[in-house]
Amino acid sequence: MKEKKAAESRTVLTDIVLPPDTNYHGTIFGGNVMAYIDKVASIAAMRHARSMVVTASSDSLDFISPIQTGEAICLEGYVSYTSQTSMEVYVKVEAENLLTGERRLTATSYLTFVALDENRKPTPVPPVVPETEEEKYQYAGAQERHEQRQKRRQQRKERQKLEALMKDE
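What this report covers is the structure whose coordinates are included nearby. (Residues numbered from 1 in each chain as written. Predicted model: local features only at pLDDT ≥ 70, side-chain atom pairs only at ≥ 80, totals over all residues. Heavy atoms only, no water.)

1. What about the sheet that holds strand β2 (residues 11-16)?
Sheet strands pair via backbone hydrogen bonds, and the direction of the pair is either parallel or antiparallel.
Reasoning step 1: Taken together, five strands build an open sheet; the order of strands is β2-β4-β5-β6-β3 and the sheet is antiparallel. At either end of the open sheet lies a strand with only one pairing partner, and these are β2 and β3 (52-63). Adjacent strand axes in the sheet meet at a mean angle of 25° when their direction is disregarded.
Reasoning step 2: For strand β4 (residues 72-82) and strand β5 (residues 86-96), the ladder comprises ten bridges, and the chain directions are antiparallel. Bridge assignment links Ile-73 to a residue of β5, and that residue is Ala-95.
Reasoning step 3: In the packing of helix α1 (residues 30-49) onto the sheet, the strands contacted are β2, β3, β4, β5 and β6 (103-116), and the crossing angle to β4 comes to about 40°.
Reasoning step 4: Against the sheet, helix α2 (residues 133-168) engages β3, β4, β5 and β6, with an angle of about 70° to β4. (Pairing = 2+ DSSP bridges. Helix = DSSP H or I, 4+ residues; strand = E, 2+ residues; numbered from the N terminus. Axes fitted to C-alpha atoms, helices over the stretch in contact; angles between N-to-C directions. Contact = heavy atoms within 4.5 Å.)

2. Brief notes about the nonpolar core
Reasoning step 1: With 30 residues, the main nonpolar core has Ile-73, Leu-75, Met-87, Val-89, Val-91, Val-93 and Phe-113 as its most contacted residues.
Reasoning step 2: Elements supplying a minimum of two residues to this core: α1, β4, β5 and β6.
Reasoning step 3: Ranked by the residues each element gives to this core, the list is headed by α1, at eight residues.
Reasoning step 4: Apart from the residues lying within four places of it in its own chain, the contact partners of Val-93 are Ile-37, Ile-67, Ile-73, Cys-74, Leu-75, Arg-104, Leu-105, Thr-106 and Ala-107. (Core = buried A, V, L, I, M, F, W, Y, C linked by side-chain atoms within 4.5 Å. Buried < 20%, exposed > 50% of the residue type's maximum accessible area, 1.4 Å probe, protein only.)

Nothing here speaks to function; it is all geometry.
Spelled out as structure tokens, the structure:
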């Protein structure tokens, strides 16, 4: 399967934060940020795989600073790593003061998507090629994150088996 550059999946979304989007602190609801992240990551994964995808996990979402009413929320995501049928997508969230142009990092997230064929079964994805320093940085740590996800998945399966055995007793 032919490789694809990380840039080919790059997805950017910008929106303004209005009062209905915010909590009583005047900052955007975390759940709204999560929805934006999943949307951007889904598009990036579909661009890379050129197939349907499903969210398999959201490994981390680190909130760094709040986004205020009147600021823009700016998201950028791209496929940072691939396995056989899965893709890790890195999403960076920034706030932009629309009057000054100042931007600050507000959140980062890693999500995993699985590509699906027309029968909704996992299907292979092309390898990703990082080019920029940021892409190379994300790629360098991706194998370890992938192994941690696999370990958590195995532990969850073992826990489910144990719970099923205990229930039968």
